[in-house]
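Structural description and commentary
Listed here are the chains, written in short residue letters.
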Amino acid sequence: MKSSRRSFLEAGLGLPVLLGAAPSPAATSQAAETTGSKDSSFDPWVEIHRENLRHNVKEISRRVASRPILAVIKNNGYGMGVANVARLLEPQPEIFGFAVVKLHEAISLRDAGIRKPILLLGPFDEKNLEDAVARSVMPMVYTPLGQAIDNIAAKTQKPVPLHICVDTGIGRVGVPYYQAAPLVRDLAARKSVQIQGTMMTFTEDPDFDKEQLRRFNETCASFEKEGISLGKRHAASSFSLFQHPHAFFDMVRPGMAIYGIYSENEFRRASIMDLRPAISLKARVIYAKKLRPGDSAGYNRAYVAKDDVWVATLPVGHADGWPRTAPKGAKVRINGDLYPVIASVSASHCIVEIGREERVKIGDVATFFDTQPGSRPEDLSEACGASVYDLTMHLSPLLPRRFV
Ligand SMILES: Cc1ncc(COP(=O)(O)O)c(C=O)c1O
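Here the structure is a predicted model, which is why all the values come from computation and not from measurement. Residue numbers here run from 1 along each chain, matching the order of that chain's written sequence. Note on the predicted model: pLDDT of at least 70 is required for a residue's local features to be given, and 80 or more for side-chain atom pairs to be given and counted; whole-chain, interface and lining totals, by contrast, use all residues. Water and hydrogen atoms were dropped before computing side-chain values, which therefore reflect all heavy atoms in the structure.

With that out of the way, let us pick up the state of the cysteines. Here, the word disulfide means a covalent bond between the sulfur atoms of two cysteines. In this description, the term disulfide denotes a pair of cysteine sulfurs within 2.5 Å. Inspection of every chain in the model, using the stated rule, returns 0 disulfides. This cysteine, Cys165, is not joined by any disulfide, and Cys220 carries the nearest cysteine sulfur, 11 Å off.

Turning next to the packing of aromatic side chains. Any two of the Phe, Tyr and Trp rings considered here, Trp counted by its six-membered ring, make a pair once their centres fall within 6.5 Å; the pair's planes then place it as stacked at under 30 degrees, edge-to-face at over 60, or tilted in between. Under the counting rule described, the total for this entry stands at 8 aromatic pairs. Aromatic pair Phe242 and Tyr262: ring centres 5.9 Å apart, planes at 50 degrees, arrangement tilted. Pair noted here: Phe242 is in helix H10 (residues 238-243) and Tyr262 is in the loop between H10 and helix H11 (265-268), with a separation of 20 residues, a long-range link. Taken individually, Phe242 and Tyr262 each receive the classification buried, so the pair is uniform in this respect. Through a chain of ring-to-ring contacts, three or more aromatic side chains come together here, namely Phe239, Phe242, Tyr262 and Phe267. For the cation-ring pair, Arg402 lies above Trp45, with the distance from its terminal atom to the ring centre recorded as 4.5 Å. Strands here mean DSSP runs of E at least two residues long; helices mean DSSP runs of H or I at least four residues long; both are numbered from the N terminus. Throughout, exposure labels follow a simple rule: accessible area from a 1.4 Å probe, protein chains only, divided by the maximum for the residue type, with under 20% read as buried, over 50% as exposed, and the rest as partly exposed. A ring is scored as having a charge over it whenever the NZ atom of a lysine or the CZ atom of an arginine sits within 6 Å of its centre and within 35 degrees of its normal.

To qualify as a nonpolar core, a set must consist of buried Ala, Val, Leu, Ile, Met, Phe, Trp, Tyr and Cys residues joined through side-chain atoms within 4.5 Å. Counting residues in hydrophobic clusters, the biggest one holds 117 residues, and the most contacted among them are Ile73, Leu89, Trp322 and Phe368. It only takes one pair of heavy atoms within 4.5 Å for two residues to be counted as in contact. Among residues more than four places away in sequence, those in contact with Trp322 are Leu281, Val316, Gly317, Ala330, Val332, Val341, Val345, Cys350, Phe368 and Leu380. Listed in part, the 9 residues of the second largest apolar core include Leu291, Val311, Ile342 and Ile351.

For Glu90, the location among the structural elements is in the loop between helix H4 (82-89) and strand S3 (95-100). For Glu90, a relative accessible area of 16% corresponds to the buried category. Between the alpha carbons of Glu90 and Lys116 there is a distance of 7.0 Å; along the sequence they are 26 residues apart. The contacts of Glu90, once residues within four sequence positions are left out, are Phe98, Gly113, Ile114, Arg115 and Lys116. Under this definition, polar contacts are N or O atom pairs within 3.5 Å; protein pairs additionally need one hydrogen-donor-capable and one acceptor-capable atom, and for neighbouring residues in sequence, both atoms have to be side-chain atoms. Within polar-contact distance, the side chain of Glu90 engages the backbone nitrogen of Arg115 at 2.8 Å.

Okay, the pattern of salt bridges next. Any carboxyl oxygen of Asp or Glu that lies within 4 Å of a side-chain nitrogen of Lys or Arg is treated as forming a salt bridge with it. The final tally for this structure, using the stated rule, is 21 salt bridges. Lys127 serves as the salt-bridge partner of Asp131, at 2.9 Å between the closest nitrogen and oxygen. With Asp131 and Lys127 both in helix H6 (residues 126-134), this residue pair falls 4 residues apart, about one helical turn. On the basis of relative accessibility, which here comes to 31%, the residue Asp131 falls in the partly exposed class. Here Asp364 ties to Lys361 by a salt bridge, and the two come within 3.0 Å at their closest N and O atoms. The exposure class assigned to Lys361 is exposed, which follows from its relative accessible area of 53%. Through salt bridges with shared partners, a single network forms among Glu211, Arg214, Arg215 and Glu218.

To continue, consider the packing of H4 against helix H5 (residues 103-111). Working convention: axes come from line fits to C-alpha atoms, limited for helices to the stretch in contact. Angles between N-to-C directions cover 0 to 180 degrees. Packing of H4 against H5 brings their axes to within 10 Å, and their N-to-C directions diverge by 50 degrees. On the basis of their axis angle, the class for H4 and H5 is oblique. Here the hand of the crossing between H4 and H5 comes out right-handed. For the pair H4 and H5, contact is made by Val82, Ala83 and Ala86 and by Glu105, Ser108 and Leu109, respectively. Angles are sorted into four bins: roughly parallel if under 35 degrees, roughly antiparallel if over 145, roughly perpendicular if 65 to 115, and oblique for all others. By definition, any crossing whose near helix is turned counterclockwise from its far helix by less than a right angle is left-handed, and any crossing with a clockwise turn is right-handed.

Looking at where Ser108 falls in the secondary structure, it is placed in helix H5. Here the alpha-carbon distance between Ser108 and Val82, two residues 26 residues apart in the chain, equals 8.3 Å. Engagement of the side chain of Ser108 in a polar contact is seen with the backbone oxygen of Glu105, the distance being 2.9 Å.

When DSSP locates at least two bridges between a pair of strands, those strands are taken to pair. The mixed open sheet is built from 9 strands, whose spatial order is S11-S14-S17-S16-S15-S18-S10-S1-S19. This sheet does not close on itself; its edge strands, each paired only once, are strand S11 (287-291) and strand S19 (401-403). Neighbour-to-neighbour, the strand axes of the sheet open up by a mean angle of 35 degrees, direction not taken into account. Pairing between strand S14 (residues 309-314) and strand S17 (residues 350-355): 5 bridges, direction antiparallel. Counted as the bridge partner of Thr313 is Ile351 from S17.

In structure tokens form, the structure reads like this:
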């Protein structure tokens, strides 16, 4: 099943990070000893694979000839926990800094002790801007904010570093390239402003991307001719790492590739980068039983057994971030074998078909997606039409994150 890469991305998770620093399994069990059970040991959890994260950063760095990487960790660090990811990535020399959309994520990174540059891709008002600057968070600017920046710089007695966003055709945010001159000249002329970067975003329509690239190059060249320093130019998300080597510029700006997931399934077969998933979703079987012919499973009797068949119930539903489309073809790995998701996905449960034999039992670990071929996020995405962005970004921030 072909899923659109961006189908639901724009509605991405923007919930607060409740788990700041996720406890290690050791810390979790220690806490359980002193305070009693908080989570059921059957509850779903998210695993973060440290070594794979490191590997992916090195792989991206190799691909972009050691250009700096501005790691996009928005939407709760693509499901891993924004502070978790930043703490793991920060020590890597390839990582220049971080980009998030929500101001609260930027602030929580500073609260977590993150020191590398942070670029705020999302909106802010004047008070927000002052708070952001006070925490050394760089705004992405595309409206005439010169006076507001002057006011802040007058208080801090320091120029405000920022990145300018130019819209070359995505039509989302950014000053339209053909109207950029007055804004860029105004900002460049102010002592209060330090332009540290200039950026654009591709639509990821391969033909139109070429036109966007042409527009960006031409716009930047005209400012440089006027003697305006644009800082680091950047445009490349994960898609462009594969598709647009001419758009690597001075820095790249990937998200999904860092987490080891191919944003398009065709990239998996392209041998351009070896990406290893850095995130898994797991839980334990809570019930296994044999259905008789005619017995049903799920709301609306979505599944009716034709013969005697074993099914297993798993404590993972759409409220945890498991897609409602999973019964269209998703498989869950239990004891090394893949079993199809059946019936309907409810808020906190789903059901898998085991077959004629009782092959799983209560407490067995079930893997919804992980690092193995056949159950990677891309496999699941292909099987049931959920975009890989939904699989990670829609994971409930309430699920425990464990480092492996
Ligand atoms: C402005 C911007 N840059 C970079 C990215 C990273 O994209 P990806 O996760 O596809 O690499 C995103 C995410 O959608 C984005 O909005």
